[in-house]
Amino acid sequence: MKTIPYGCQWIDGKDIRAVSRVLKGELITQGPVAEQLERQLCRITGAKYCVVLANGTAALHLAVAALDLEKGCEGITSTNTFVASANAIAYSGLTPVLADIDPDTFNVTPESVKNKLSRLTRVVIPVHFAGQPAPVKDIRKVVGDKIKIIEDAAHAIGSVDADGTPVGACKWSDMTIFSFHPVKTITSGEGGAITTNSRELYERLRVLRVGGITRNPREFVSPFDDPWYYEMQYLGFNYRLTDIHSALGLSQLSKLSRFIKRRREIVAKYNRAFRDLPHLKTPLERPNVFSAFHLYVVQIDFKALNSSRKQFVSELFKKNVGSQVHYIPVHWHPYYARTYGFKRGDLPVSEAYYAKALSLPLYPKMTNADVAQVIRAVSSLCK
Ligand SMILES: Cc1ncc(COP(=O)(O)O)c(C=O)c1O
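1. Regarding the sheet that holds strand E2 (residues 74-78)
Here is step 1 of the chain: Ordered in space as E1-E7-E6-E5-E4-E2-E3, the seven strands form an open sheet in which the pairing is mixed. Two strands bound the open sheet, and with one partner strand each, they are strand E1 (49-53) and strand E3 (95-99). Each strand axis lies, on average, 20 degrees off the axis of its neighbour in the sheet, ignoring direction.
Here is step 2 of the chain: Inspection of the sheet shows E2 paired to strand E4 (residues 121-125) by four bridges, in the parallel sense. Residue pairing for E4: isoleucine 76 is matched across the bridge by valine 124.
Here is step 3 of the chain: Sheet strands touched by helix H7 (residues 199-209): E1, strand E6 (175-179) and strand E7 (192-196). Its angle to E1, the strand with the most contacts, is close to 20 degrees.

This is the structure in structure tokens:
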């Protein structure tokens, strides 16, 4: 019997045909299909501009780099995230400052961000953990207009905030980043994107994506107009998303609402089945928000079950159910402890959350039989 993984892509014949059309054409690196994907991401989020990139980490890196912030300043993000959100701050020579989370939503709060503000803070990266929109509007109120906000929406394409604003619209933020890794809501194999409403940031991001080089004569600093001439104006990177990947991303994007609908159906089944289990808390969706539910994270009191998480995970695995833990607090990682002096105990809510967190299988391709198998396995271990 196959083990049900905690997350998995869903590729169909339409996706395969879209990719093979690009492969049969002349241009396989970034080209018109990537532009089509950018236009479609603008349409879905409501943002004015979009650049697609090699992955979500590259998107975070470029978003911070495009702000051209002074080295030695600080950037705040959640400690309950994949390390890429914090690494992006460090890549640009800023000091990552980690904020604690709300015990119910597992996201940073306006207060936890406020606690970490200093005269050196230049950027805040709230993470829409598991798909649940973080309170960006209230974070903007707390940080004012001068500090930049980059939303990490790697988990949240298709999520909608409390006032009906789609995540990625950048209504209160400067930029939003997405990831199209295979376990995410839609995939392009690997891939990422940044949305923004700022023309200036958009143009800088486009140049940074291709080595800091421009080929547009109107942007040249030097008076050359030879046909081969190009100029490197910034220290850029090669973060292009190929048309091969973009074709998959575009095809997947057309199924976004179907994928989210199925995810939410599974979440509803789990919530119903686990409602009365002792020592297990189901995830909370804040009132009025719409979560795309990238992850289904339960809180289990393993001690009360006379178990440990390791034992629980291994028992689940014996019942052919995979699971995962999101996330080890960023400040616990040796690099962060060594470089920035973080210690265990620094962010107690995140640490208490981590001790009980477990992500159960959630992906649209799951059959009802798979869902029932997960429910049986978890219920039997929580008695
Ligand atoms: C919250 C968060 N931010 C950023 C990333 C980085 O995305 P990618 O894996 O596409 O580089 C991830 C990926 O796991 C993530 O979960």
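2. Describing the domain arrangement of the chain
Here is step 1 of the chain: The domain boundaries assigned to the chain delineate domain 1 (13-253) and domain 2 (256-381).
Here is step 2 of the chain: The interface is formed by 31 residues belonging to domain 1 together with 27 residues belonging to domain 2.
Here is step 3 of the chain: Ranked by residue count, the leading element in the side of domain 1 that touches domain 2 is E3, at three residues.

3. Quick look at helix H4 (residues 84-91)
Here is step 1 of the chain: All of the buried residues in H4 are Ala84, Ser85, Ala86, Ala88 and Ile89.
Here is step 2 of the chain: Structurally, H4 contributes buried residues whose contacts are with helix H3 (56-66), E2, E3, E4 and strand E5 (148-152).

4. Side note on the packing of helix H2 (residues 32-45) against helix H8 (residues 243-253)
Here is step 1 of the chain: One can describe the packing of H2 onto H8 by two numbers: an axis separation of 8 Å at closest approach and a directional angle of 30 degrees. Relative to H8, the element H2 is oriented roughly parallel. Taken as a pair, H2 and H8 cross one another with a handedness that is left-handed. Within the contact between the two elements, H2 uses Val33, Ala34, Gln36, Leu37, Gln40 and Ile44 and H8 uses Asp243, Ser246, Ala247, Gly249, Leu250 and Leu253.
Here is step 2 of the chain: Across the contact of H2 with H8, the residue classes tally to seven nonpolar, four polar and one charged.

5. Some points on the pairing of E3
Here is step 1 of the chain: Buried residues dominate E3, accounting for four of its five residues.
Here is step 2 of the chain: Sheet topology note: the E2/E3 ladder contains five bridges and is parallel. The residue of E3 that forms the bridge with isoleucine 76 is valine 97.
Here is step 3 of the chain: The parallel pair E2 and E3 is bridged by H4, and the resulting crossover is right-handed.

6. A short note on the site of the ligand
Here is step 1 of the chain: Around the ligand, 15 residues are found, and the nearest of them are Gly56, Thr57, Phe82, Ala154 and Ser179.
Here is step 2 of the chain: At the level of secondary structure, the elements contributing two or more residues to the shell around the ligand comprise H3 and H4.
Here is step 3 of the chain: No other element matches H3, which puts three residues into the shell around the ligand.

7. Topic: the packing of helix H1 (residues 13-24) against H8
How two helices pack is summed up by the angle between their axes together with the distance between the axes.
Here is step 1 of the chain: At their nearest, the axes of H1 and H8 sit 8 Å apart, and the two run at 150 degrees to each other. Taken together, the axes of H1 and H8 are roughly antiparallel relative to one another. The interaxial crossing formed by H1 with H8 has right-handed handedness. Between H1, through Lys14, Asp15, Ala18, Val19, Arg21, Val22 and Leu23, and H8, the contact on the second element is made entirely by Asp243, Ile244, Ala247, Leu248, Leu250, Ser251 and Gln252.
Here is step 2 of the chain: Of the residues that constitute the contact of H1 with H8, the class distribution is eight nonpolar, two polar and four charged.

8. Re the environment of glycine 144
Here is step 1 of the chain: As for its position among the elements, glycine 144 is in the loop between helix H6 (136-143) and E5.
Here is step 2 of the chain: Taking the number of C-beta atoms within 10 Å as the measure of exposure, glycine 144 has 8 and is therefore exposed.
Here is step 3 of the chain: For the pair glycine 144 and lysine 365, spaced 221 residues apart in sequence, the C-alpha to C-alpha distance is 42 Å.

9. Details of the environment of serine 350
Here is step 1 of the chain: With respect to the helices and strands, serine 350 occurs in helix H12 (residues 348-356).
Here is step 2 of the chain: In this structure serine 350 comes out as buried when scored by C-beta crowding, with 28 C-beta atoms within 10 Å.
Here is step 3 of the chain: With residues near it in sequence (within four places) discarded, serine 350 still touches Thr79, Asn80, Asp100, Ile101 and Pro329.

Rules and cut-offs
Residues numbered from 1 in each chain as written. Predicted model: local features only at pLDDT ≥ 70, side-chain atom pairs only at ≥ 80, totals over all residues. Pairing = 2+ DSSP bridges. Helix = DSSP H or I, 4+ residues; strand = E, 2+ residues; numbered from the N terminus. Axes fitted to C-alpha atoms, helices over the stretch in contact; angles between N-to-C directions. Contact = placed C-beta atoms within 7 Å. Domains from an automatic or database assignment. Buried ≥ 20, exposed ≤ 12 C-beta atoms within 10 Å, placed from the backbone. Parallel < 35°, antiparallel > 145°, perpendicular 65-115°, else oblique. Left-handed = near helix turned anticlockwise from the far one by under 90°. Nonpolar A, V, L, I, M, F, W, Y, C, P; charged D, E, K, R; others polar. Right-handed = clockwise from strand over helix to strand, strands pointing away. Near = placed C-beta within 6 Å.

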